[in-house]
Amino acid sequence: MASKSKMDGSIGAKNKQKILAAAEKAFATYGFKGTSVQQIADEAELPKTNILYYFKSKQGLYVAMLQDIMSLWNSRFDQVTEDDDPAQSLADYIADKMTMSRTHPQASKIFAMEVLNGAPYLNKFFSNEHVAWMEGRVAILNSWIAQGRMTVVDPLYLLFHIWACTQHYADFSAQITSLRGKTMKRADFDEATRQLVQLILSGCGLTVPEKYLESAK
């Protein structure tokens, strides 16, 4: 049988994810100022004391949620090294970001609003962890360029382009639906992903992986 400490840890992890999901829904609906800890507790179906036990305050929960969003966005790309294939790595990163826009559109919108408001709750994170993450990814991209494995591009602008193109499908979904005359389904996202991968990788002088060359059925 699992030890009590492991069981408690598992329950704690599940509760945190449940709370983060509830917070995402509440903050997307009511905004930071309009959301109360009690609303999040009700959405998570947990006592208010549980919320404050794990996150201490509404602001603490909000910042944790924003950091969780960034962690989900960057999960696979975090593990990329200079020895990896740049085409496959970038294609997968773009695909992961597009999947996030499809499955977590509200999270993307919350993050966008935070940044548009000057990122008051993320200043410390942006100044430390986010800068360190960016410097690490830029170093890898520069290594690939130095090795002659991809065209010379500015790594910062490349990452900005990827973020802008992928997050657009979440942040401006209403505009996309209006212009297309219908909402995007899974197959539409898959096709948009293929086209975006082809566009960005071609601009980097990279060969597009076969899986991203398949035509939509």
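Identification of the protein as TetR family transcriptional regulator C-terminal domain-containing protein from Alteromonas oceani is taken from an unreviewed UniProt entry.

A. Quick look at the overall build of the protein. A tally of regular secondary structure across the protein gives 10 helices and 0 strands. Ordered by position in the sequence, the α and β elements of the protein form the string α-α-α-α-α-α-α-α-α-α. Across its three principal directions, the C-alpha atoms of the protein cover 55 × 45 × 45 Å. Taking all 217 residues of the protein together, 40% fall into the buried category. As displayed, the protein has an accessible area near 12300 Å², and 55% of this comes from carbon and sulfur atoms.

B. Looking closely at the UniProt feature "DNA-binding region" (unreviewed entry) in the protein. Under the UniProt annotation, "DNA-binding region" (unreviewed entry) lies at residues 36-55. With 80% helix and 0% strand, residues 36-55 has end C-alpha atoms that lie 13 Å from one another.

C. Focus on the domain arrangement of the protein. Domains assigned within the protein are domain 1 (11-66) and domain 2 (74-209). Placing the centre of domain 1 and that of domain 2 at their C-alpha centroids yields a distance of 27 Å. When the two sides are added together, the surface that domain 1 and domain 2 hide from each other amounts to roughly 790 Å², 75% of it contributed by carbon and sulfur. Summed over the three residues of domain 1 that lose the most area to domain 2, namely E24, Y62 and L66, the buried surface amounts to 57% of that side.

D. Region of the structure containing the pattern of salt bridges. Counted according to the given criterion, the structure contains 6 salt bridges. Among the ionic pairs, D92 bridges to R76, the shortest N-O distance being 3.5 Å. Taken together, the residues D92 in helix α5 (residues 86-103) and R76 in the loop between α4 (58-74) and α5 connect sequence positions 16 residues apart. Accessibility expressed as a relative area gives 12% for D92, which makes it buried. Note that R76 and D96 form a salt bridge whose closest N and O atoms lie 2.8 Å from each other. On the criterion of sequence distance, the pair formed by R76 in the loop between α4 and α5 and D96 in helix α5 is long-range, its members being 20 residues apart. Connected via shared salt-bridge partners are R76, D92 and D96.

E. Here's a closer look at the packing of aromatic side chains. For the structure on display, the rule yields 12 aromatic pairs. Taken together, a centroid distance of 6.0 Å and an interplanar angle of 20° make the contact between F27 and F32 stacked. Classification of F27 as buried rests on a relative accessible area of 4%. Its relative accessible area of 18% is what places F32 among the buried residues. Among the aromatic residues, ring-to-ring pairing joins F77, Y93, W133, Y157, F160 and W163 into one connected group. One Lys or Arg, K56, reaches over the ring of Y53 and ends 5.9 Å from the middle of that ring. Sitting above the plane of the F77 ring, R137 keeps its charged end 5.9 Å from the centroid.

Cut-offs and rules
Residues numbered from 1 in each chain as written. Predicted model: local features only at pLDDT ≥ 70, side-chain atom pairs only at ≥ 80, totals over all residues. Heavy atoms only, no water. Helix = DSSP H or I, 4+ residues; strand = E, 2+ residues; numbered from the N terminus. Buried < 20%, exposed > 50% of the residue type's maximum accessible area, 1.4 Å probe, protein only. Areas by Shrake-Rupley, 256 points an atom, 1.4 Å probe, with all protein chains shown as cover. UniProt positions renumbered as here; feature names shortened; annotations may be inferred. Domains from an automatic or database assignment. Buried area = accessible area lost by both parts, 1.4 Å probe. Salt bridge = Lys/Arg side-chain N within 4 Å of Asp/Glu carboxyl O. Phe/Tyr/Trp six-rings, centres within 6.5 Å; stacked < 30°, edge-to-face > 60°. Lys NZ or Arg CZ within 6 Å of the ring centre and 35° of its normal.

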